[in-house]
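# Inside the fold
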Amino acid sequence: MQIDIIETTGLGDRSYLISDGGIGVVIDPQRDIDRVLALAEKRAVRIALVLETHLHNDYLTGGLELSGRVGADYVVPAGDTVAYDRVPAADGDDLEAGPMRLRVLHTPGHTHHHVSYVVADADGQVQAVFTGGSMLYGATGRTDLVGPEHTDELTHAQYHSVRRLVDELPAGTPVFPSHGFGSFCAATPTSGDSSTVGEQAKVNPALTRDEQTFVDELIAGLTAIPAWYSHMGPGNAAGPAPVDLSAPRHVDPAELAGRLAAGEWVIDLRTRTAFAAGHLPGALNFELAIANFVTYVGWLIPWGGPITLIGETEQQVAEARRELVRIGIDRLAGAAIGSPEALSAGRELASYPVSDFSGLAAALGSDPDLVVLDARRDDERAGGGVRGSRHIPIHDLPGRLDEVPDGDVWVYCGSGYRASIAASMLARAGRRPVLVNGGYGDPDAGAAAVGLHDDSAAR
């Protein structure tokens, strides 16, 4: 039995292809199913089953299209109401695919109807368990995505679901979750890249805490929910349209200038330092090379509004398009290819300075009233911040720009990525940003290293 992992690092998720005897089973596929089809061809397997552990909240599934393309049964938890034909998966059901046997376990918590799949070989020997958003590596899936009125109930259910997996499976069973590699679907940060049921019994909070302590700690640790999540569950229940990875329409410099003047979202995909050095006025910087690209585009855009991409190459735009269709951003207004100089239509480029925490410390030494903006989340800010800084999480900034004073604004975050987005937003709004390019907690170059960490900043 071969288990292949299909990584989607931009969302912190994994999909899986299990192969045995020329037959394949796919679990929790992303929407860009060409990756799955290519892998199945490489393994020379026919996909017989496409399985969902739950209706996903962080991406649109490719399962419906994939099952139709290859003629496979599409298996979705029985309790979920969907607008398409599927094979309902209920607790205790047994599924077959060639020599493989798959047992369905109802493991509620991440959602009410979440299931896990226990895979055994033809001899009945358990080979793996696919846990979706239930048991993760050193954590569990978050329990607040269905609605706040269900969070307490689902957190208790998550505790018992993870314990059920340990009680019913051999300790050596490899665990394959779909979330937890940077995904906001994880309730708390995960650890490690592989694990077994027995290893999780020693480290997973659901297995090392009493029930109420686990519930209290998980709920207390829940962070902000990305805005696009609200669109994914309904989209997956309705059935996503077939994926379209075709190139966006080409936009020339004159049209690009019109879109910028109209205040539309024009996203420059270059690195944060290249953008700061020179960019089209009004453009926003979401650096494609960083795994968080789709997270923050999806979190911040006015949903359904026109988006134009600016890329240095056709390949860069194609990669961005692939990332965006995974969360249902399908209809791009277009794309412009080339350098900002070539796309400027004769207009002067904009720019802003880039510094680091040492530079910020020096600037604060000269001007204690300097405006400093912290773009991190609330949970990060709870550990302290730069003294005197104003805290506006990046996902709140579009609606709170009027809270940022006019003039110079130094902006930082946990790595520099969100700060670069914030700086471009500030520049578009007429402020004069200075990008602090570095991580607040970096041991050698962060805020503490230059004496800027202040615990009281969180209060």
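Look a little higher up for the structure.
Summary of the structure given here. Bear in mind the structure is a predicted one, so any value in this text is a computation, not a measurement. (Residues numbered from 1 in each chain as written. Predicted model: local features only at pLDDT ≥ 70, side-chain atom pairs only at ≥ 80, totals over all residues. Heavy atoms only, no water.)

### Some words on the pairing of strand S9 (residues 115-120)
Across the 6 residues of S9, 6 count as buried, placing the element largely inside the fold. Burial of the side chains of S9 extends over both faces: Val115, Tyr117 and Val119 are buried on one face and Ser116, Val118 and Ala120 on the other. Strand direction decides the pairing type here: strand S8 (residues 100-106) and S9, joined by 6 bridges, are antiparallel. The residue bridging Arg103 from the neighbouring strand is Val118, located in S9. In the sheet, S9 pairs with strand S10 (residues 126-132) via 4 bridges, with the strands oriented antiparallel. Considered in S10, the bridge of Tyr117 is made with Phe130. Between S9 and S10, which pair antiparallel in sequence order, lie 5 residues; one of them, Gly124, sits at a positive phi of approximately 85°. (Buried < 20%, exposed > 50% of the residue type's maximum accessible area, 1.4 Å probe, protein only. Helix = DSSP H or I, 4+ residues; strand = E, 2+ residues; numbered from the N terminus. Pairing = 2+ DSSP bridges.)

### Some words on the sheet that holds S10
Here we have 5 strands laid out as an open sheet, ordered S7-S8-S9-S10-S11, and mixed in their pairing. The sheet is open, and its two edges are formed by strand S7 (94-97) and strand S11 (175-177), each paired on a single side. This sheet shows a mean twist of 25° between the axes of neighbouring strands, independent of strand direction. The strands touched by helix H3 (residues 151-168) are S8, S9 and S10; relative to S8, the strand with the most contacts, the crossing angle is about 140°. (Axes fitted to C-alpha atoms, helices over the stretch in contact; angles between N-to-C directions. Contact = heavy atoms within 4.5 Å.)

### Quick look at the pattern of salt bridges
For the structure shown, the criterion picks out 30 salt bridges. One salt bridge in this structure joins Asp244 and Arg321, with 3.4 Å as the shortest N-O distance. Of the two residues, Asp244 sits in the loop between helix H7 (229-238) and helix H8 (253-261) while Arg321 sits in helix H11 (residues 314-325), which places them 77 residues apart along the sequence. Residue Arg321 is classed as buried on the basis of its relative accessible area of 5%. One salt-bridge network, held together by shared partners, links Asp32, Asp34, Arg35, Arg322, Glu323 and Arg326. (Salt bridge = Lys/Arg side-chain N within 4 Å of Asp/Glu carboxyl O.)

### Observations regarding the layout of surface pockets
For the largest pocket, the calculated volume is near 410 Å³. In terms of lining, the largest pocket is formed by 20 residues, of which the most central are Gly182, Ser183, Phe184, Pro189 and Arg377. Classifying every residue of the lining of the largest pocket by side-chain character gives 6 nonpolar, 9 polar and 5 charged. Of the voids in this model, the second largest pocket is the one considered here, and its volume is about 280 Å³. If you go around the second largest pocket, you meet 17 residues; those closest to its centre are Trp303, Gly328, Ile329, Asp330 and Arg331. For the lining of the second largest pocket, the leading source of residues is H7, giving 3 residues. Its residues assigned to classes, the lining of the second largest pocket comprises 9 nonpolar, 5 polar and 3 charged. (1 Å grid on protein atoms, 1.4 Å probe; cavity = no way out; pocket = protein on both sides within 12 Å on 5 of 7 lines; lining within 4 Å. Points joined across faces, edges and corners; volume = space filled by probe spheres on them. Nonpolar A, V, L, I, M, F, W, Y, C, P; charged D, E, K, R; others polar.)

### Observations regarding the packing of aromatic side chains
Following the criterion strictly, the structure yields 15 aromatic pairs and no others. Judged by centre distance (5.1 Å) and plane angle (75°), the rings of Trp228 and Tyr229 are edge-to-face. According to the relative accessible area criterion, Trp228 is buried, its value standing at 1%. Note on Tyr229: relative accessible area 5%, which makes it buried. Between Phe357 and Tyr412, the ring centres sit 5.7 Å apart and the planes meet at 70°, which makes this aromatic pair edge-to-face. Here Phe357, found in helix H13 (residues 357-366), pairs with Tyr412, found in strand S20 (residues 408-413); they are 55 residues apart in sequence, far enough to count as distant. Residue placement shows Arg14 over the ring face of Phe181; its charged tip is 4.0 Å from the ring centre. If you follow Arg376 out to its NZ or CZ, it ends over the ring of Tyr440, 4.2 Å from the centre. (Phe/Tyr/Trp six-rings, centres within 6.5 Å; stacked < 30°, edge-to-face > 60°. Lys NZ or Arg CZ within 6 Å of the ring centre and 35° of its normal.)

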